[in-house]
Amino acid sequence: NERASLDELLEPPATHAAKVDRGALTARARAELHNRRRRVALFGQSIFGEPAWDMLLVLYVLNDSGQRQTVGSLFQFSGYSWSTAKRWLDYLAAHGLIRRDDHPTDRRTAFVSLTTKARDWLDLYYSETIETVV
């Protein structure tokens, strides 16, 4: 299975989680998210088209706030249309990068969060690929 072998290659080492300075990594992600939003403000969104990455960044940055994010708030933060965001959210869920949990009292609302796999991969990405925060 080609996908399984790719997942195995990309799986971060088990020891990586103990070395994470989550505050520094979140600051890097926050800077990237800010720069991406600035880029869209200047050039328009239609030429960049990376809603899945934007949603992962938003969840990663907001993870430290301790607040649970609803699907609706994620769509709002990501800045994409409902149908585009929903399609990419389904994709991320199918690939084990986000998890949806039902709201305990409101059937119209669901919470969304990063999986451990996604958080570990983002930690690895920000610890190994981005040297400075601009």
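Computed from a predicted model, the values in this text were never measured in an experiment. (Residues numbered from 1 in each chain as written. Predicted model: local features only at pLDDT ≥ 70, side-chain atom pairs only at ≥ 80, totals over all residues. Heavy atoms only, no water.)

Our focus in this paragraph is the pairing of strand β3 (residues 110–114). Summarising burial for β3: 5 of the 5 residues are buried, a large majority. Here β3 shows two buried faces, one formed by A110, V112 and L114 and the other by F111 and S113. Sheet topology places strand β1 (residues 69–70) next to β3; 2 bridges connect them, and they run antiparallel. Note that in β3 the partner of T70 across the bridge is F111. Alignment of strand β2 (residues 98–102) against β3, held across 5 bridges, turns out to be antiparallel. Residue pairing for β3: R99 is matched across the bridge by S113. (Buried < 20%, exposed > 50% of the residue type's maximum accessible area, 1.4 Å probe, protein only. Helix = DSSP H or I, 4+ residues; strand = E, 2+ residues; numbered from the N terminus. Pairing = 2+ DSSP bridges.)

Right, let's get into the packing of aromatic side chains. Each aromatic ring pair is characterised by the separation of its centres together with the angle its planes make. For the structure on display, the rule yields 5 aromatic pairs. Seen in terms of ring centroids, W53 and Y125 are 5.4 Å apart; in terms of plane orientation they differ by 85°. Their pairing is edge-to-face. In this pair, W53 is assigned in helix α3 (residues 51–63) and Y125 in helix α6 (residues 116–129), connecting sequence segments 72 residues apart. For the pair Y60 and Y126, a centre-to-centre distance of 5.8 Å together with 20° between the ring planes defines the contact as stacked. Of this pair, Y60 sits in helix α3 while Y126 is found in helix α6, placing the two residues 66 residues apart along the sequence. What makes Y60 buried here is its relative accessible area of 2%. Among the aromatic residues, those joined into a cluster by ring pairs are W53, Y60, Y125 and Y126. (Phe/Tyr/Trp six-rings, centres within 6.5 Å; stacked < 30°, edge-to-face > 60°.)

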